[in-house]
Each structure stands twice: as structure tokens, then as C-alpha cells.
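# Remarks on the overall topology
The lines below spell out each chain.
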Amino acid sequence: MEDIRRLQAQFTAERDWNQFHQPRNLLLALVGEVGEVAELFQWKGEVAEGLPGWTPSQREALSHELSDVLIYLLELAEKCHVDLPQAALAKMELNAKKYPAGRVQGSAKKYTEYSTEDGEQGH
Ligand SMILES: Nc1ccn([C@H]2C[C@H](O)[C@@H](COP(=O)(O)OP(=O)(O)OP(=O)(O)O)O2)c(=O)n1
């Protein structure tokens, strides 16, 4: 992630594109790329892990669009002064506390749906 962040900062600076890469523009670019990912899944119905039946060119297109999402996400975080690699690790620790494996085993309910009888710690 550090390499991607550094290389994208270099790419942007070399083109004098920081003038366009303000947080809101980056957010819009990110959402646009998420839309391009969605377009690849559009009308296909449920898709199993590993994308069986997808052609090599569809797989390549997906890898490109997912990369665009990641690149814009990292740059957006940087321009918002969020250290995303560090923040994501900290957030994963919070997630693990919010969803203790023993308590939520096999259930996809949101934490707000667990009742006090389930041992909710209050929200
Ligand atoms: N002003 C820009 C334009 C592009 N990029 C970089 C980041 C993305 O990784 C990629 C996005 O390029 P495009 O806008 O050309 O989008 P696509 O590559 O998805 O092309 P297309 O929309 O034709 O699928 O290029 C950027 O940083 N800043």
C-alpha cells in the first residue's frame, strides 16, 4: 500500500494534477470506478467465488477497475490526512471487538441487532 500511495503521489505531481485531485474530486472518481466494477457484475446474477465462467478479458477488466478503486481510495485518504494502512489495521481491531467470534459465529447480523440477552455491551 505504501508503494501504491507513493507512486500515485508521484504520478499526480509529475502531471501537475494536484490542482484537480482535491478530496471531493477524488471521492467522485472513486465512486465512478466502483460503478465500473459494478458494471462488470451487472445482469450476471449471483457470481461464485473465483468467478467461474468469466473470460480472461473480463477478469483483466475487473483487475483494472479494482485497482482504480484502490488507487483513488489511497489518494483520497492521503489528501484527507488519513493514514489508511494504519487506520485500517486499527479499524480491524475495533471490528474484532465489536463482533467477537464466539458470539457471532455463523451469523451475519449487524452489531446493533444483537439483543442484551446476547451479551450486548450497550449502544
Ligand atoms: N485525473 C486522473 C485521471 C486518471 N488517473 C489515474 C487513476 C486511475 O487509476 C486511472 C483512471 O483512469 P481513467 O479515468 O482513464 O479511467 P479508466 O482507466 O477506468 O478508463 P475507462 O473509464 O475508459 O475504463 O488513472 C488519475 O489519477 N487522475
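Here, the structure is the one placed above.
Everything in this summary refers to the structure shown in the same document. Because the structure is a prediction, the values reported are computed rather than measured. (Residues numbered from 1 in each chain as written. Predicted model: local features only at pLDDT ≥ 70, side-chain atom pairs only at ≥ 80, totals over all residues. Heavy atoms only, no water.)

### Topic: the pattern of salt bridges
We count it as follows: The salt bridge definition used is simple: a Lys or Arg side-chain nitrogen within 4 Å of an Asp or Glu carboxyl oxygen. Labels follow the DSSP assignment, with helices taken as runs of H or I lasting at least four residues and strands as runs of E lasting at least two, numbered in each case from the N terminus. A simple rule labels every residue: compare its accessible area, found with a 1.4 Å probe on the protein chains alone, to the largest value its type can have, and call it buried under 20%, exposed over 50%, or partly exposed in between.
Considering all chains together, one arrives at five salt bridges under this definition. The residue Asp-83 makes a salt bridge to Arg-5 at a minimum N-O spacing of 3.3 Å. Pair noted here: Asp-83 is in the loop between helix H3 (56–79) and helix H4 (84–98) and Arg-5 is in helix H1 (residues 2–14), with a separation of 78 residues, a long-range link. Given a relative accessible area of 35%, Asp-83 falls into the partly exposed group.

### Some points on the site of the ligand
Going by this rule: For this description, a residue counts as near a given molecule or strand if any of its non-hydrogen atoms is within 4 Å of it. Any N or O atom pair separated by 3.5 Å or less is treated as a polar contact, with the protein-specific requirement of one donor-capable and one acceptor-capable atom, and with residues adjacent in sequence counted only for side-chain atom pairs. Here the open area of atoms and residues is found with the Shrake-Rupley method and a 1.4 Å probe, where only the protein chains shown may cover a residue. Residue polarity is assigned by list, with Asp, Glu, Lys and Arg as charged and Ala, Val, Leu, Ile, Met, Phe, Trp, Tyr, Cys and Pro as nonpolar; anything else, Gly included, falls into the polar class.
Around the ligand, the structure places Gln-8, Phe-11, Trp-17, His-21, Glu-33, Glu-36, Glu-65, Asp-68, Ile-71 and Tyr-72. Measuring from an oxygen atom of the ligand, one finds a side-chain N or O atom of Glu-65 at 3.3 Å. In the environment of the ligand, an oxygen atom lies 2.6 Å from a nitrogen or oxygen atom belonging to the side chain of Asp-68. If the ligand stood free it would expose 590 Å²; the protein chains cover 53% of that surface. Only H1, helix H2 (23–41) and H3 provide two or more residues apiece to the shell around the ligand. The dominant element in the shell around the ligand, judged by the number of residues it contributes, is H3, at four residues. Classifying every residue of the shell around the ligand gives four nonpolar, two polar and four charged.

### Some details on the packing of aromatic side chains
Just so we agree on the cut-off: To pair, rings of Phe, Tyr and Trp, with the six-membered ring standing in for Trp, must have centres within 6.5 Å; the planes then decide the type, stacked if under 30 degrees apart, edge-to-face if over 60, and tilted in the middle.
Across all of its chains, the model carries three aromatic pairs by this definition. Summarising the aromatic geometry, the rings of Phe-41 and Trp-54 are spaced 5.0 Å apart at their centres and angled 55° between planes, so their arrangement reads as tilted. Taken together, the residues span a long stretch of sequence, with Phe-41 in helix H2 and Trp-54 in the loop between H2 and H3 at a distance of 13 residues. Assessed through its relative accessible area of 8%, Trp-54 is described here as buried. Seen from their ring centres, Tyr-99 and Tyr-111 are 6.1 Å apart, and the 80° between their planes marks the pair as edge-to-face.

### Considerations on the side chain of Glu-65
What counts is decided by this rule: Think of it this way: Lys and Arg go in the positive column, Asp and Glu in the negative one, and His and the chain ends go nowhere. Throughout, a residue-residue contact means that at least one pair of heavy atoms, one from each residue, lies within 4.5 Å.
By the element assignment, Glu-65 lies in helix H3. It is Lys-44 that comes nearest to the buried, bridge-free Glu-65 among opposite-charge side chains, at 12 Å. When neighbours within four sequence positions are excluded, Glu-65 is seen to be in contact with Glu-33, Glu-36, Val-37 and Leu-40.

### Points about the nonpolar core
Applied cut-off: Only buried Ala, Val, Leu, Ile, Met, Phe, Trp, Tyr and Cys residues count toward a nonpolar core, and they belong to the same one when joined by side-chain atoms within 4.5 Å.
Within the largest apolar cluster, ten residues are counted, these being Leu-26, Leu-30, Val-37, Leu-40, Val-47, Leu-51, Trp-54, Leu-62, Val-69 and Leu-76. At the level of secondary structure, the elements contributing two or more residues to this core comprise H2 and H3. Of the residues forming this core, the biggest block, four residues, is contributed by H2. Leave out the neighbours within four places in its chain, and Val-47 touches Phe-41 and Trp-54.

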